[in-house]
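Given next are the chains, with one letter for each unit.
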Amino acid sequence: MGWSLATLFVSLRLLCFTAAVFEDQVGKFDWRQQFVGEVRFAVFDTNSQASKKLLVATEKNIFASINSRTGDLLWRHVDKTGPEGHIDMLLLHGQDALVVVGNGRILRSWETTIGGLNWETVLDTGSFQSAAFIGVQDLVKYVAVLKKSALSLHYLSNGHQKWVENLPESNTVQYQIVYSGGSGQVLLLGVVPNSHIVIVEYNIEDGEIMRQKSVAAPWITSLQSSCVVVGSGVLLCADLTTQSMYTFSLQSVEQTNMNQILLQTLGLEVASGFQPVLISTQPHPARPPLSEFVLQLGPDHHILLQLNDELISPLRDFNPSFLVAFATTGEKTVTAVMSPKNTTVSVDPSTCSYFLSSLQFSLSSNVGYNVVVLYLDAKACSINLYSADTGRRLLDTTIIYHKDPNGGRPAKLYVHAFLKKDDSVGYRVMVQNEDLVLSFLQQPGRVVWTREEALADVVTMEMVDLPLTGTQAELEGEFGKKADGLLAMVLKRLSSQLIVLQAWLGHLWKLFYDARKPRSQVKNEVTIETLSRDEFNLQKMMVMVTASGKLFGIDSKSGTILWSQYLENVQPNSVFKLMVQRTTAHFPHPPQCTLLIKDKNTGLASLNVFNPIFGKKSHIGVPALSRPVLQSLLLPLMDQDYAKVLLLIDDQYKVTAFPSTKNVLQQLQEMASSIFFYLVDSNQGRLSGFRLRKDLSTELIWEVVVPVETQKIVGVKGKRANEHVHSQGRVMGDRSVLYKYLNPNLLAVVTESTDTHQEHSFVGIFLIDGVTGRIVHEAVQRKARGPVHFVHSENWVVYVYWNTKSRRNEFSVLELFEGMELYNSTVFSSLDRPQPPQVLQQSYIFPSPISTLEATLTEKGITSRHLLVGLPSGAILSLPKMFLDPRRPEVASEQSREENLIPYSPEIPIRTEWFINYNQSVSRVKGIYTSPSGLESTCLVVAYGLDLYQTRVYPSKQFDVLKDDYDYVLISSVLLGLFFATMISKRLAEVKLLNRAWR
Amino acid sequence: MSSPGGPGGALSTRGGPKRNKWALELSLGSTRSRGDRQNKEGDVMYPVGYSDKPVPDTSVQETDRNLVEKRCWDVALGPLKQIPMNLFIMYMSGNTISIFPIMMVCMMAWRPIQALMSMSATFKLLESSSQQWLQGLVYLIGNLLGSALAIYKCQSMGLLPTHSSDWLAFIEPPQRLEIMGGGMVL
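Computed from a predicted model, the values in this text were never measured in an experiment. (Residues numbered from 1 in each chain as written. Chains lettered and ligands numbered in written order. Predicted model: local features only at pLDDT ≥ 70, side-chain atom pairs only at ≥ 80, totals over all residues. Heavy atoms only, no water.)

Peer 1: Can you explain the overall build of chain B? Please cite residues and give values.
Peer 2: Scanning chain B from terminus to terminus reveals six helices and two strands. Mapped in sequence order, the helices and strands of chain B form the string α-α-α-α-α-α-β-β. Evaluated residue by residue, chain B yields a buried proportion of 23% over its 186 residues. Long-range contacts, defined here as pairs at least 24 residues apart, represent 71% of the contacts in chain B between residues at least 6 apart. Summed over all atoms, the accessible surface of chain B reaches about 13,800 Å², with 65% contributed by carbon and sulfur. (Helix = DSSP H or I, 4+ residues; strand = E, 2+ residues; numbered from the N terminus. Buried < 20%, exposed > 50% of the residue type's maximum accessible area, 1.4 Å probe, protein only. Contact = heavy atoms within 4.5 Å. Areas by Shrake-Rupley, 256 points an atom, 1.4 Å probe, with all protein chains shown as cover.)

This is the structure in structure tokens:
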């Protein structure tokens, strides 16, 4: 009997933890988007005409292949973060892509069709300088890798090293360029800044130094930024200070000085302070580069030049032009130029004559080199294609590029040229903007796809309820407005009812209209106009802030980007804090989000106020913040327009209120004595608490100093403002209540020791009351090391650390209880708490490292809590909080069983059915955001990192929703059957009664 | 359809009227009683004033009074007599919360309550007794004991909201008096 009960208990328990999705539920409530980040190198696979591969290597250490027809990822390799996985170079040859990773640590060859690894070699130490293909007689067989002090040659086929040579005088000479014109030698160019250029020639076969010479160049600082090799081995440099270009033939034996060509003699002038940039192209690695090159004279001025027997002649002047790129297809090389659309290309008389002469030249020559030029502007740009060797504009090659008014300016241009059937050159371009949008365009300006790569680096996010539908809002609005007379109110009511009727008819008509269309065509396109809250508030607007300063509004149901806004002038290391000042609940006032951006360098902050639903910038005047802002505080107070009050604390501990109307200031004066805030200065190890005074100045009321010599504050967390706790206590086995210590002002502060030796390192956790500064609890975990991830919610704190002694990850949970009696059940004041809480703690072993930790959140807090654990493998684990309960007994007793406590076991299992994202791994998960939905059972989850993943979790299963596979047909048929059976039997009974009465 | 039960000997006579469509009886008395008489006594005619039922003896006898008393005590003691039985059922059903113990507890609780509700009807029954008030009191006490037993059973099953945990869901979260916020220096 007992045994069978126990098995029943266990099976019930297993049942209630099973949370995996069924096969037909895949992608029903969840979606994932994969990103690659800011593109560093992009190469189009021009191997075959039908190829649609685009290879990209990014700043996020990702090497990926994008389908250039759709913009989808074909495959993606995510390398280590930081300098270890940094991609230094990407070279493509045929089907193989060569990648140098980690400052020249590893050389890899990838097969580009399926993304498989061909081979990998570990290179010698030394900082990476350059890499190039080395070709001999039209065949590319080797790749040369130039390090600071060594040059090595590897076979392309298997990565084996052919030879490695130490560089002569490598401590004084900076070798920066490796070059091979396909003529059987490897040329190495080095520089001694402000002195001379060193040229070393190696034999391909054995690495023997054939020749070595130096050329005086007192003006030079760096080869990489100012020199290129053009034509058949001519080194070409441009210099700002002397306003001239220099040429030097690398092959010639007799030349000892560089030829100086003054830019003035060409009629050119460099924009003041602009370092001229040279762009050359080498269509085939086994052949010398072209003798045509582009010189950038200013931010929006390029010129196409040709080097002919040490003479430079301009081919075409592109002014204004923002971006220029070369592309080669077959035997033809073109230049794409982006220029502003509404200004025509201004051609001054001198270039005009060149243009004419080059026209004649191209008529006489068979092989046409084309050049493509692009122009940029505020609204639209046009991209044109020019023959590279003549500068002649190719007809019908214009692509109009419409700039997103809320986006950034184009920053990079990649051209994919191909030969059309009639042997003319066609092309597509990929433009990367400052706001990291990749757009792929084809003629005459159709955007084939766009990718929002800024989303690869989400910093913070919020979820905002969608507005009610227009009709609902209309009805709500009627009550929101002020009353103005009986008749007006009646009319208003009538008109709003009319609108409701109209909307309903429209809806019916749409239903009828859609019903006639085939099913595949009826798509619920989510647009900003059709946005409305659903029945259970499961669809929300995700407002995401990215590190590049671009804001996104994403529909949580489908993942569609509904709006985006690029904030210019955001410094790369800014800190962001996003706050929802007004929700959608206060119609007709629009919802309002405020983003605080603080520039780390200057300390100055700015406020951006916008509508989170439509992404429009608000016209509300924001306070001028002349002093550096330390922290902000969103009060539950509201002004007369229902906007929550935001307090900004500057470095003199003065407070600025936003909005700062008279009403708000009055409320603040009334409430001042009960408004507290705390600041944590990690550098000085100081936690300080302040109280607001009536004149909006502050007074320091407590201070806790953590000695910085021994430990460093790594994190502090209060409770979430929108968290509700339904149950004030826990029911014990004997049916008494253990009341929770629910201090809303409690802070969890985590410190790590500065000493990282495994014997002395420790992790400290302090629970501090943020109002009084009282240390409620203090725990030190010896022989433990960070990074510490922790969650603070309800009456518990869960933290994860690395145990250096046992070499494993451990979870520890702290739970606080007030005892068997509540001290004060009506109000909570930190100032009136005589008894300290009881603290319980337990630790567990977790069999995996973790990347992030978050707790689920539901509307009323009735549903049991789960912890969402982001694992480095890309899985997101939904771990029941039940397993992390310090009251788990070592030996199960009658009472603990009554309480549903699981007997203590040190290991926390990882069950694969707890992975809420099944096989949809989220790479490099950085944060998890949870938001309650309108259903108590359901919590919305967004995981962000490199990828975005959105899903729903049901910690206590869907107790308030009928299941997906609920048998409506069976139930309704049974009901109908019973109904008819009742009717029939009633009739029969009547007949029988009548018969009996007759007898 | 069965006719008022006549013994076997009446078969032939009963068959007679059945065969005829109608019959006329010229004797006095109702047609219903006629059948009875016919069955019992055949066609014998009784003299006027004769009644075949015995006239009850209306004089009260001492033994009858004792019987009434006894009967009334039976009624009054009924609930008390049930208590041992209820105790046994309680013991057998155990304290687990499942459908059968719940049903039993409901029955146990409902019966005394029902009895107490219909107290006036019981008093009417006991009207004839001389110890009416004492019997009524005993009856009441018996029922109260029965319901007390049911309540005790509920208590031991944990169905009564007597613990603080039963009122936990109604505790409102306390109102916070201080507003606090802040964080790491940005």
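Now that the structure has been shown, we can carry on.
Peer 1: Please set out the sheet that holds strand β2 (residues 179–184) of chain B residue by residue, giving values where relevant.
Peer 2: Ordered in space as β47(A)-β46(A)-β45(A)-β2(B), the four strands form an open sheet in which the pairing is mixed. Looking along the sheet, the strands with just one partner apiece sit at the ends: β47 (698–705) of chain A together with β2 of chain B. Between one strand axis and the next, the sheet turns by 20° as a mean value, whatever way the strands run. Here strand β46 (residues 686–692) of chain A pairs with β47 of chain A via seven bridges, running antiparallel. The residue bridging Gly689 of chain A from the neighbouring strand is Trp702 of chain A, located in β47 of chain A. (Pairing = 2+ DSSP bridges. Axes fitted to C-alpha atoms, helices over the stretch in contact; angles between N-to-C directions.)

Peer 1: A description of helix α6 (residues 132–157) of chain B should follow, citing residues and the corresponding values.
Peer 2: Compared with the 38 Å implied by 1.5 Å per residue over 26 residues, the 37 Å span of α6 of chain B between its first and last C-alpha is a close match. Following α6 of chain B by one or two positions, Gly158 of chain B adopts a phi angle in the positive range, close to 80°. (Expected span 1.5 Å × (residues − 1).)

Peer 1: Before we move on, can you summarise the interface of chain B and chain A with the specific residues and values?
Peer 2: As a measure of interface size, the accessible area lost when the parts come together is often cited. Each partner contributes residues to the interface: chain B has 24 residues there, and chain A has 48 residues. Regarding the contact of chain B and chain A, the summed buried area is about 3,100 Å², with carbon and sulfur atoms giving 62% of it. Across the chain B-chain A interface, the total number found is one salt bridge. A salt bridge links Arg735 of chain A to Asp166 of chain B; its shortest N-O distance comes to 3.0 Å. Put simply, chain B and chain A have 21 residue pairs in polar contact (both at pLDDT 80 or more) between them. (Buried area = accessible area lost by both parts, 1.4 Å probe. Salt bridge = Lys/Arg side-chain N within 4 Å of Asp/Glu carboxyl O. Polar contact = N/O pair within 3.5 Å; in protein donor to acceptor, adjacent residues only side chain to side chain.)

Peer 1: How would you explain the pairing of strand β32 (residues 425–433) of chain A if you had to name every residue and give the values?
Peer 2: All names here are of chain A. β32 sits mainly inside the fold: nine of its nine residues count as buried. Residues of β32 alternate between two faces, with Val425, Tyr427, Val429, Val431 and Asn433 on one and Gly426, Arg428, Met430 and Gln432 on the opposite face, all of them buried. Pairing geometry for strand β31 (residues 410–419) and β32, over nine bridges, is antiparallel. Directly across from Leu413, in β32, lies its bridge partner Val431. Between the antiparallel neighbours β31 and β32 lie five residues, among them Asp423 with a positive phi of about 70°. For β32 and strand β33 (residues 437–442), the ladder comprises five bridges, and the chain directions are antiparallel. Across the sheet, the residue bridging to Val429 is Leu441, located in β33. Connecting the antiparallel pair β32 and β33 is a turn made up of three residues, with Leu436 showing a positive phi of about 60°.

Peer 1: Kindly report on the state of the cysteines, identifying the contributing residues and their values.
Peer 2: All names here are of chain A. Counted according to the given criterion, the structure contains one disulfide over all chains. Across the disulfide, Cys227 is cross-linked to Cys237 (sulfur-sulfur distance 2.0 Å). Because the sign of the S-S torsion sets the handedness, a value of about 110° for the bond joining Cys227 and Cys237 places this disulfide among the right-handed ones. Residue Cys227 is located in strand β18 (residues 227–230), and its partner Cys237 is located in strand β19 (residues 234–239); the two are separated by 10 residues in the primary sequence. By the burial criterion, Cys227 is buried, and Cys237 matches it. (Disulfide = S-S within 2.5 Å.)

Peer 1: Now, about the confidence of the model for chain A: what can you tell me, with residues and values included?
Peer 2: Residue and element names in this part refer to chain A. When pLDDT is averaged along chain A, the result is 85, and 91% of the positions lie at 70 or above. Across residues 1–18, confidence stays below pLDDT 50; counting only partners more than four residues off in sequence or on other chains, it has 13 contacts. Confidence drops under pLDDT 50 across residues 343–378; counting only partners more than four residues distant or on other chains, this segment forms 115 contacts. (pLDDT = per-residue confidence, 0-100.)

Peer 1: Give a detailed account of unusual backbone geometry, specifying residues and quantitative values.
Peer 2: Trans peptide bonds make up most of the peptide bonds, and negative phi angles are found at most residues other than glycine. Residues and elements named next belong to chain A. Following Gln443, the chain continues into Pro444 via a peptide bond in cis, with omega recorded as 0°. Looking at the element boundaries, Pro444 is found in the loop between β33 and β34 (446–452). In this structure, Pro659 follows Phe658 across a cis peptide bond, with omega equal to -5°. Of note, the phi angle at Glu169 is positive, near 50°, even though the residue is not glycine. Looking at where Glu169 falls in the secondary structure, it is placed in the loop between β13 (161–166) and β14 (174–179). With relative accessibility at 52%, the residue Glu169 sits in the exposed group. In the Ramachandran plot, Asn537 falls in the positive-phi region, its phi being about 55° despite a non-glycine side chain. If you trace the backbone, Asn537 turns up in the loop between α5 (486–516) and β36 (540–546). You can call Asn537 buried: its relative accessible area is 10%.

Peer 1: With reference to specific residues and values, describe the sheet that holds strand β4 (residues 62–67) of chain A.
Peer 2: All names here are of chain A. Taking strand neighbours across the sheet as the criterion, the four strands line up as β2-β3-β4-β5 in an open arrangement whose pairing is antiparallel. A strand with exactly one partner marks an edge of an open sheet, and here the two such strands are β2 (39–44) and β5 (73–78). Averaged over all adjacent pairs, the angle separating strand axes in this sheet is 15°, with direction ignored. The pairing of β4 with β5 spans five bridges and is classified as antiparallel. Residue Ala64 lies in a different strand from β5, and its bridge partner there is Arg76.

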